[in-house]
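# Per-entry structural report
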Amino acid sequence: MSVTVRFAPSPTGYLHIGGARTALFNWLYARHMGGKFLLRIEDTDRERSSQSAVDAIFESLKWLELDWDVPPVFQFARASRHAEVARQLVNNGLAYYCYSSIEEVEQMRATALAHGRPPRYDGYWRDRKDPPPSGVSPVIRFKAPQSGKTVITDLVQGTVELDNAQLDDMVLLRADGTPTYMLSVVVDDHDMGITHVIRGDDHLTNMFRQYHLFKACGWSVPEFAHIPLIHGPDGAKLSKRHGALGAEQYKDAGFLPESMRNYLLRLGWAHGNDEIISTQQAIEWFDIRDVGRSPARFDMQKLLNLNGHYIRQAENERLFDLIRPWLKSGEHADRVLAGMTGLKQRAQTLRELADGALFYIERPDPGAILSGPNSKKITDPAAVSYLKQMLELLQNLTNFDEAEIELAIRNFCKEQQIKLNDLLNPARVALTGSHISPSLFDVVNVLGREECLVRINACLLQARAL
RNA sequence: GUCUCCUUCGUCUAGCGGUCAGGACAUCGCCCUCUCACGGCGGUAACAUGGGUUCAAGUCCCGUAGGAGACGCCA
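A short tour of the structure in this document, coming up. (Residues numbered from 1 in each chain as written. Chains lettered and ligands numbered in written order. Predicted model: local features only at pLDDT ≥ 70, side-chain atom pairs only at ≥ 80, totals over all residues. Heavy atoms only, no water.)

### Topic: the nonpolar core
Short version of the rule: For our purposes a nonpolar core is just a set of buried Ala, Val, Leu, Ile, Met, Phe, Trp, Tyr and Cys residues, chained together by side-chain atoms within 4.5 Å. Residue exposure (1.4 Å probe, protein chains only): buried if accessible area is under 20% of the type maximum, exposed if over 50%, otherwise partly exposed. Working definition: helices are DSSP H or I runs of at least four residues, strands are E runs of at least two. Numbering for both runs from the N terminus. Here, two residues are considered to be in contact whenever any of their heavy atoms come within 4.5 Å of each other.
Phe 25, Leu 265, Phe 286, Ile 288, Val 336, Ile 409 and Ile 456 are the most contacted members of the largest nonpolar core, which totals 104 residues. Among the elements that take part in this core, helix 1 (residues 17-33) stands out by supplying nine residues, more than any other. If near-sequence neighbours (up to four positions away) are discounted, Leu 265 is found in contact with Leu 24, Phe 25, Leu 28, Ile 277, Ala 282 and Phe 286. In terms of nonpolar packing, the next biggest core, distinct from the first, is built from 31 residues, Ala 86, Val 90, Leu 173 and Val 187 among them.

### Overview of the sheet that holds strand 5 (residues 139-142)
Paired through their backbone hydrogen bonds, the strands of a sheet run either parallel or antiparallel. Under the convention used in this document: Paired strands are those between which DSSP finds at least two bridges. Every axis in this analysis is a line fitted to C-alpha atoms, fitted for helices over the stretch in contact. Angles between the N-to-C directions lie between 0 and 180 degrees.
Spatial strand order, 4-5-8: three strands in an open sheet with antiparallel pairing. Every interior strand has two partners, whereas the edge strands, strand 4 (95-98) and strand 8 (171-173), have only one. Neighbour-to-neighbour, the strand axes of this sheet turn through a mean angle of 45 degrees, independent of strand direction. Taken together, the two bridges between strand 5 and strand 8 define a ladder with antiparallel strand orientation. Bridge pairing in strand 8 places Ile 140 opposite Leu 173.

### Quick word on the packing of aromatic side chains
Definition in use: Side-chain rings of Phe, Tyr and Trp (the six-membered ring for Trp) are treated as a pair once their centres are within 6.5 Å; stacked means planes under 30 degrees apart, edge-to-face means over 60, and tilted covers the remaining angles.
Counted under the stated rule, the structure contains nine aromatic pairs. With centroids separated by 5.2 Å and ring planes inclined at 45 degrees, the aromatic side chains of Phe 25 and Phe 286 adopt a geometry described as tilted. Of this pair, Phe 25 sits in helix 1 while Phe 286 sits in the loop between helix 9 (279-285) and strand 12 (296-297), and the two are 261 residues apart along the sequence. What makes Phe 25 buried here is its relative accessible area of 0%.

### A closer look at the protein's contact with RNA strand B
As a reminder of what qualifies: One heavy atom suffices: a residue is near a molecule or strand as soon as one of its heavy atoms comes within 4 Å of it. In protein, a polar contact requires one atom able to donate a hydrogen and another able to accept it; more generally it is a pair of N or O atoms within 3.5 Å, and residues adjacent in sequence count only if both atoms are side-chain atoms.
The environment of RNA strand B is formed by 69 residues, the closest being Arg 120, Arg 174, Thr 205, Gly 268 and Ser 439. For RNA strand B, the fraction of atoms within 4 Å of the protein that belong to sugar or phosphate moieties is 70%. At 3.2 Å from a base oxygen of RNA strand B is found a main-chain nitrogen or oxygen belonging to Ala 175. Between RNA strand B and Gln 345 there is a distance of 3.1 Å, counted from a sugar or linking oxygen to a backbone nitrogen or oxygen. Considering each element in turn, the surface near RNA strand B owes the most residues, five residues, to helix 19 (residues 420-432).

### Looking at the pairing of strand 2 (residues 36-41)
Within strand 2, five of the six residues are buried, leaving the element largely enclosed by the surrounding structure. Pairing geometry for strand 1 (residues 4-7) and strand 2, over four bridges, is parallel. Bridge assignment links Arg 6 to a residue of strand 2, and that residue is Leu 38. Bridge analysis of strand 2 against strand 3 (residues 73-74) gives two bridges, and the strand direction is parallel.

Now the structure itself:
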């Protein structure tokens, strides 16, 4: 059987991390089954939908490299088709006009709640033959079954059942003639040939209502797979407080798309003890049936760890291109590329990578070093002496390459009975402005002799001025 | 309030009646080492709870507790 799935966000904000995972699971399932992955923008709420949100969603999906197979469907554009289906249902006696006002319905809900019943519309106009009140534009409500039981086998949740008495007569068409979400989803899923509906389990109860609507229309019902929501570290629904940032913000924070995919994939899904899973492998292994039923908490530490791993794996040129916009000046950018192998070992995000690379571009300010925590490393008499020795050593080097630099420095330390640390640490601060850096042999080599001499001399000058 | 779902180390999870309950992140210790990382080795750490079923239960059944989600003319 050929599979068609869809990701159907409403463009009322950025694509958050839960939505990204829903999209990923849909995409993986489609690719695994050799089916189609479609995109539908659910923009029927005209008040809250915006073009910028639509753009943000597209951008995020592109960044995550989740490609869709045909041009996206915009739900609002199909409103007349939806309305037509609603009227057809009225004609067939499966839906009805309801003239209750919003206030009246609210009253019904309040009353129901007060009596310990679920807040529901009470079906007042369902079978009423009264003449409709004048001047009231009605909504169309669906005639939900009132007795019996609905049993559905969800691909993730298993067999779920609901007493039909729990169902109420949902609104299909609003008083202003626009369709509601419940109607639009069902009509569009049918018209788009969706075979599997994979979405967050906040829609689980909607499944029952939509099921009956599919039946009433005489359409086949798709398979459902309701995946658990992602929760914040405190176990509550993920919110902005927790780091429920938009996918775009993870990009800005310096995460790689493959890290996000790998992390999101492992939330609720596992393949034995495998942790690092390539997208190719994920496509091969992924089955929606293997998704777990319990909600997962978002863990930034694990995401960071994974991102660090993928940064180390990434090609130097690619990393260089990615951090280039964050490097303050274009000058000496070539040094960053040359030093990338050393730099990428110690970064968990591209931001950290860029920050750690800055010293290759900008000369450290000796004044700033002096007022910082590393000042003693270049002002102690011993340190000054080591800096001078380093200066001389670098001046006298015949071949200025990494192997030669390392050999010369190690030999020098051995001959002079100096600890490598003692010689290298002052130089590290002088050359990079920090006590943390890539291998100093690497740094010296990438900076080149002239630049090293300039930086060390600048520090010596400062120390002498004190 | 009603309905639905969930519950294995702090976190993500493996487990599909018989395991010393495994891995990863985090954490702690050791090693490697020019700093910081990376890497390697090792440690601490979990079956929510009460009943069943069974020779045998993390695994099956029922209850309890805790957690989450849903109950719109939002999606």
